[in-house]
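Each chain, written out:
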Amino acid sequence: MSKADNLPTKAGGIDSLKSTLKHILKSQQPQTNLKNLLIANKDKGFDCPGCAWGDNQHGFLHFCENGAKAIAWESTSKTIGEAFFAKHSVSALLKQSDYWLEYQGRLAQPLKYNSKSDHYEPVSWPEAFALIAKHLNDLSSPDEAEFYTSGRASNEASFLYQLFGRLFGTNNFPDCSNMCHEASGFALTKTIGIGKGTVVLDDFDEADAIFVFGQNPGTNHPRMMNALRSAAKKGCKIVSFNNLKEVALERFASPQDPLELLTPSATKISHAYFTPKLGGDMAAIRGMVKTILDANKIALAAGKPQIIKQEFIDLHCDNFAEYAAVVAQTSWSKIESQSGLTQAEIEQAAHVYMNSDNVICTWAMGLTQHKHSVATIEELVNLQLLRGNIGKKGAGLCPVRGHSNVQGNRTMGINEKPTPQFLQSMASVTKQTMPQNTGHNVYHALKALCNKQSKVLICLGGNLAQAAADTEYTHQAIKNSELNVQISTKLNRSHLLIGKDALILPCLGRTEKDHQVSGEQVITVEDTFSMVHASRGQVEPISNHLLSETAIVANIAQATLKNSVYNWQSFIDDYANIRLLIESSIPGFKDFEEKIRKPGGFYLGNSAAQLQWQTSNKKAQFSANNLPDKLIAEQLASTKSESRKELFTLQSLRSHDQYNTTIYGMNDRYRGVSNERKVLFINEKDAKKQKLKEDDLVSITSIWFDNETRTVSDFKVRYYDIPKGNLAAYYPETNPLVPIDSIGDNSYTPTSKAIAVTLEKQTNQRII
Ligand SMILES: Nc1nc2c(c(=O)[nH]1)N[C@H]1C(S)=C(S)[C@@H](COP(=O)(O)OP(=O)(O)OC[C@H]3O[C@@H](n4cnc5c(=O)[nH]c(N)nc54)[C@H](O)[C@@H]3O)O[C@H]1N2
Ligand SMILES: Nc1nc2c(c(=O)[nH]1)N[C@H]1C(S)=C(S)[C@@H](COP(=O)(O)OP(=O)(O)OC[C@H]3O[C@@H](n4cnc5c(=O)[nH]c(N)nc54)[C@H](O)[C@@H]3O)O[C@H]1N2
Ligand SMILES: [Mo]
């Protein structure tokens, strides 16, 4: 029997509850964390740092298993400070695993690297800020600094961060979005005039069909499962397109439903489930459109009502004829071979689509981390425009965002390509000139650091070293910096890659109270549905030496900018002063302070949902793209002669026990994996062809157009229900395989879901 035969038959349920309790106990402060959970995502509580899914304020509990893990991870009783860093040199810490580093506890005091002793040592806050100011002011150009943001920073902190960066003189704002939903933002801005999803949470109650593409909500957005479950119960047809059979998309048991909690019963989620090849979604969607357009022709000829919404297209859209011509030219054989699905399967999906009045399409990393991601998302927009599935109740486009405030960060101006309107508004509010050139995204920032063109790296959260592609390249890039500043809650590898100077600046987490002179502060965040609301920490900070992210950013600005137009201390004293400035510079924030006092916050609005298209010709755009000629692995197979071995396409994905680069545990319950992260999921037939059996160790080597060798080893073979030719393994362990230049067209996002690789059976055992 293969291990895959032991997979769970449902997600959620009692196992979810057990896992929640286990992680709460592991935090060593169960009482605090139970209190935290009761208030998470509630009106007077804090916004769960787990994900960006929204909340409708119904029901008693607003957290999920994986939100509980995120909270318990942050709110631990262990701290690390002077004694810890005196004991461990940086070289010694570098030898530890990522898991070990994060589990030592919360960073509890500011630290500066001493290159003579190779240890981090305590530093006072003013000294730390002065060192940053010195490095920044010594640069020959402001564009030699990189200001990275991970998506957890509040609106207030991120607004100040970009304000400071731009007053300093640069648009270099690489951020986690560059590795995440960048393709969604790019494609949506181009086609519908706004780079955000058009739906709100209530739309899920009104949809007749929901198409879920390349997303694993059972693990990464468990609160989305409530919306899918209740939709399915009402008869809404959920159609999943996923390279893997993810159990939560098949059967889900709500931990809040006593019957589903305590018995084997569960709700069937997907009405139909398709498993396209990696990168095959654009072809699959094209096939759906082809089916719809062909059926439309037949309906027209028979004098029946049209299937497409001609009036909507005529009134709102541009470029339909060109698009229809490209669809007509796309052959079914190309669609079938590229998608890995049969015409019959695609027609089945198209029929659900055509027979539903209101359709929502959701997606995440399975669509965004490919070379042709922008074109794929444009194809999804094409599909939705055909039947007017934007701008009405129960319908729309829903890129499901990752980090809890990643969308808010962009709204606040964390963007290397700010719009001219944004820059104009900042210039008129600050009465200063703003940098006009395009800044660096993550890709360009790493390149600039690597060739020593950029010299200072400041990271507002995150773990760039492990999150970015091509680990060896990325590590070298960070090591080349002259100053590496990490504003963080926990120790990770990004703190340990040091060129000359480095600082660790420990900050408050979401769960902690933020005391300033005017009293306890609230911060605000924006969820995936453009809802902005307040978040209040509930527990006392774990150390007296912590500053809030907002205070750290304001202090860096105060120390660096000479003759600043702002009194940065006033922003620290009362965050309402920052909100006033946001209100005057960013559209949608009128009466900001008043609106966040209302339960649930306020809706920022979405022009496309109002059928207003902020594109160059004020119309929604059909995009007439051809399908890619070849996907990455096929292209490499035909150009790389040395690769006589079989080429596979590998996707790197998340287990159930991790938050991006933070590993909570070694299990992936829904995929039947325990105590292991170096697992390679492979189709049994492929494995046998390669003479591999379960538990064999393999090394994986990626193939690229350059001459670098990128290999990871000691991965255990696991048979899995995955299309032939495709493989899956966890991120970040597989990041060394993603070539730095393997990026999405126009998005620059690493192609983390399409890595061409070969396999080699190992004869040696693992060295532990
Ligand atoms: N617990 C937890 N929650 C999280 C995170 C976390 O790490 N842990 N991370 C947060 C962040 S930043 C993000 S961006 C989101 C990520 O949320 P997801 O996008 O759900 O994350 P991944 O694990 O990368 O999953 C990708 C899914 O797409 C499928 N897939 C991969 N390639 C393809 C493809 O080519 N086509 C199709 N159809 N399917 C494909 C995979 O099988 C998998 O189910 O989650 C957020 N929430
Ligand atoms: N191969 C591969 N690579 C990927 C992906 C993939 O699917 N495959 N996914 C990509 C995606 S979608 C994303 S979003 C990126 C994630 O990239 P990042 O956002 O850079 O990475 P995280 O792992 O979320 O960052 C974790 C660290 O953030 C810090 N932290 C946590 N909470 C806070 C806080 O409240 N404040 C501050 N200041 N710091 C905090 C902690 O020190 C922790 O160690 O990775 C990308 N990389
Ligand atoms: Mo993400």
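An account of the accompanying structure is given in this report. This is a predicted model, so every value here is computed, not measured.

### A closer look at the overall build of the chain
Stage number 1. Looking only at helices and strands, the chain has 32 helices and 31 strands in total.
Stage number 2. At 25 Å, the chain has a C-alpha radius of gyration in line with the 27 Å of a compact globule built from 768 residues.
Stage number 3. By principal-axis analysis of the C-alpha atoms, the chain measures approximately 75 × 65 × 55 Å.
Stage number 4. At a minimum sequence separation of 6, the contacts of the chain that also span at least 24 residues come to 79%.
Stage number 5. As displayed, the chain offers around 28200 Å² of accessible surface, 51% of which is attributable to carbon and sulfur atoms.
Stage number 6. Across the chain, the mean location of the 82 positive side-chain charges is 3 Å away from that of the 79 negative side-chain charges.

### Looking at the sheet that holds strand β9 (residues 251-253)
Stage number 1. In spatial order, the strands read β1-β9-β10; together these three strands make up an open sheet with mixed pairing. Whereas interior strands pair on both sides, the edge strands pair on one side only; in this sheet they are β1 (11-12) and β10 (267-268).
Stage number 2. Looking at chain direction, β9 and β10 are connected through two bridges and run antiparallel. Looking at the pairing, Arg 251 lines up with Lys 268 of β10.

### Focus: the site of ligand 2
Stage number 1. Around ligand 2 sit 31 residues in total, of which Glu 102, Tyr 148, Glu 549, Thr 661 and Asn 735 are the nearest.
Stage number 2. Taking Asn 492, its side chain carries an N or O atom lying 2.7 Å from an oxygen atom of ligand 2.
Stage number 3. Within the side chain of Thr 661, an N or O atom sits 2.6 Å from an oxygen atom of ligand 2.
Stage number 4. In the complex, 97% of the free accessible area of ligand 2, which totals 940 Å², lies under the protein chains.

### Some words on the site of ligand 1
Stage number 1. Neighbouring ligand 1 are 31 residues, the closest being Asn 242, Glu 246, Asp 281, Gln 658 and Asn 660.
Stage number 2. One of the backbone N or O atoms of Thr 219 is found 3.2 Å from a nitrogen atom in ligand 1.
Stage number 3. Gln 651 places a side-chain nitrogen or oxygen 3.1 Å from an oxygen atom of ligand 1.
Stage number 4. Starting from 920 Å² of accessible surface for ligand 1 in isolation, the protein chains cover 99%.
Stage number 5. Of all the secondary structure elements, the ones that give two or more residues to the shell around ligand 1 are α11 (217-220), α20 (365-368), β24 (648-653) and β25 (658-659).
Stage number 6. Class assignment for the residues of the shell around ligand 1 results in ten nonpolar, 17 polar and four charged.

### A few points about helix α17 (residues 320-329)
Helical periodicity: at 3.6 residues per turn, an α-helix aligns residues three or four positions apart in one direction.
Stage number 1. Within the sequence span of α17, burial applies to Phe 320, Tyr 323, Val 326 and Val 327. Projected down its long axis, α17 carries its buried residues within an arc of 125 degrees, all on one side. In α17, the exposed positions angled more than 90 degrees off the buried face are occupied by Ala 321, Ala 328 and Gln 329.
Stage number 2. Of the surrounding secondary structure, the elements contacted by the buried residues of α17 are α15 (281-301), α16 (310-316), β12 (317-318) and α21 (373-386).

### Brief notes about helix α2 (residues 30-39)
Stage number 1. Listing the buried residues of α2 in full gives Asn 33, Asn 36 and Leu 37. Down the axis of α2, the buried side of the element spans an arc of 100 degrees, and every buried residue falls inside it.
Stage number 2. Buried-residue contacts for α2 involve α1 (13-26) and α3 (65-74).

### Section: the pattern of salt bridges
Should their charged atoms come close, side chains of opposite charge can pair.
Stage number 1. Inspection of every chain in the model, using the stated rule, returns 38 salt bridges.
Stage number 2. As a salt-bridge pair, Glu 526 and Lys 196 come within 2.8 Å of each other at their nearest N and O atoms. Of the two residues, Glu 526 sits in strand β20 (residues 523-526) while Lys 196 sits in the loop between α9 (182-192) and α10 (203-206), which places them 330 residues apart along the sequence.
Stage number 3. Overall, the relative accessible area of 1% leaves Glu 526 in the buried class.
Stage number 4. Note that Glu 246 is salt-bridged to Arg 671, the shortest N-O span being 2.8 Å. You can see Glu 246 sitting in the loop between β8 (237-241) and α13 (247-250) and its partner Arg 671 sitting in the loop between β26 (662-663) and β27 (679-682), a full 425 residues away along the chain. The residues Glu 246 and Arg 671 share a single accessibility class, namely buried.
Stage number 5. One continuous salt-bridge network, built from bridges that share partners, spans Asp 175, Glu 182, Arg 410, Glu 416 and Lys 417.

### A look at the packing of aromatic side chains
Stage number 1. The full count for this structure, using the stated rule, is 32 aromatic pairs.
Stage number 2. Among the aromatic residues, those joined into a cluster by ring pairs are Phe 84, Phe 85, Trp 100, Tyr 113 and Tyr 120.
Stage number 3. Directly above the ring of Phe 602 sits Lys 595, whose terminal nitrogen or CZ lies 4.6 Å from the centroid.

### Observations concerning the nonpolar core
Stage number 1. Judged by nonpolar contacts, the single largest core of 60 residues is most densely connected at Leu 136, Phe 159 and Trp 568.
Stage number 2. A per-element tally of this core places helix α8 (residues 155-168) first, with seven residues.
Stage number 3. In this view, Trp 568 contacts Leu 160, Leu 163, Phe 164, Leu 167, Ala 554, Ala 557, Gln 558 and Leu 561; residues no more than four positions away in its chain are not counted.
Stage number 4. In terms of nonpolar packing, the next biggest core, distinct from the first, is built from 57 residues, Ala 187, Val 239, Phe 241 and Tyr 323 among them.

### Some details on the sheet that holds strand β4 (residues 111-114)
Stage number 1. Reading across from one edge, β5-β4-β17-β16-β15-β6 is the order of the six strands in this open sheet, with mixed pairing throughout. Edge positions in the open sheet fall to β5 (119-122) and β6 (145-149), since each of these has one partner strand only. Recorded for the sheet is a direction-independent mean angle of 20 degrees between the axes of neighbouring strands.
Stage number 2. Bridging between β4 and strand β17 (residues 501-506) involves two bridges; their strand directions are antiparallel. Within the sheet, the bridge partner assigned to Leu 111 lies in β17 and is Ile 504.
Stage number 3. Strand contacts of helix α27 (residues 549-560): β15 (456-460), β16 (483-488) and β17, with the helix running at about 150 degrees to β16, the strand carrying the most contacts.

### Structural notes on the packing of α15 against helix α19 (residues 343-354)
Stage number 1. Between α15 and α19, the least distance of the axes is 8 Å, while the angle of their chain directions is 60 degrees. The way α15 lies across α19 gives a crossing that is right-handed. On α19, the residues that touch Ala 284, Gly 287, Met 288, Thr 291, Ile 292 and Ala 295 of α15 are Ile 346, Glu 347, Ala 349, Ala 350, His 351, Tyr 353 and Met 354.
Stage number 2. Taken together, the residues of the contact of α15 with α19 sort by class into nine nonpolar, three polar and one charged.

### A word on the packing of helix α7 (residues 125-138) against α27
Stage number 1. Contact geometry of α7 with α27 gives a least axis separation of 8 Å together with a crossing angle of 55 degrees. The orientation of α7 relative to α27 falls into the category oblique. In the packing of α7 onto α27, the handedness of the crossing is right-handed. Along the contact surface, α7 presents Trp 125, Phe 129, Ile 132, Ala 133, Leu 136 and Asn 137, while α27 presents Ile 552, Asn 555, Ile 556, Ala 559 and Thr 560.
Stage number 2. Grouping the amino acids of the contact of α7 with α27 by side-chain chemistry returns eight nonpolar, three polar and no charged.

About the criteria used
- Residues numbered from 1 in each chain as written.
- Chains lettered and ligands numbered in written order.
- Predicted model: local features only at pLDDT ≥ 70, side-chain atom pairs only at ≥ 80, totals over all residues.
- Heavy atoms only, no water.
- Helix = DSSP H or I, 4+ residues; strand = E, 2+ residues; numbered from the N terminus.
- Rg over C-alpha atoms; globule rule 2.2 N^0.38 Å.
- Contact = heavy atoms within 4.5 Å.
- Areas by Shrake-Rupley, 256 points an atom, 1.4 Å probe, with all protein chains shown as cover.
- Lys, Arg positive; Asp, Glu negative; His and termini not counted.
- Charge placed at Lys NZ, Arg CZ, Asp CG, Glu CD.
- Pairing = 2+ DSSP bridges.
- Near = heavy atom within 4 Å.
- Polar contact = N/O pair within 3.5 Å; in protein donor to acceptor, adjacent residues only side chain to side chain.
- Nonpolar A, V, L, I, M, F, W, Y, C, P; charged D, E, K, R; others polar.
- Buried < 20%, exposed > 50% of the residue type's maximum accessible area, 1.4 Å probe, protein only.
- Arc of directions from axis to C-beta.
- Salt bridge = Lys/Arg side-chain N within 4 Å of Asp/Glu carboxyl O.
- Phe/Tyr/Trp six-rings, centres within 6.5 Å; stacked < 30°, edge-to-face > 60°.
- Lys NZ or Arg CZ within 6 Å of the ring centre and 35° of its normal.
- Core = buried A, V, L, I, M, F, W, Y, C linked by side-chain atoms within 4.5 Å.
- Axes fitted to C-alpha atoms, helices over the stretch in contact; angles between N-to-C directions.
- Left-handed = near helix turned anticlockwise from the far one by under 90°.
- Parallel < 35°, antiparallel > 145°, perpendicular 65-115°, else oblique.

Remember that the coordinates give geometry; whether it matters functionally is a separate question.
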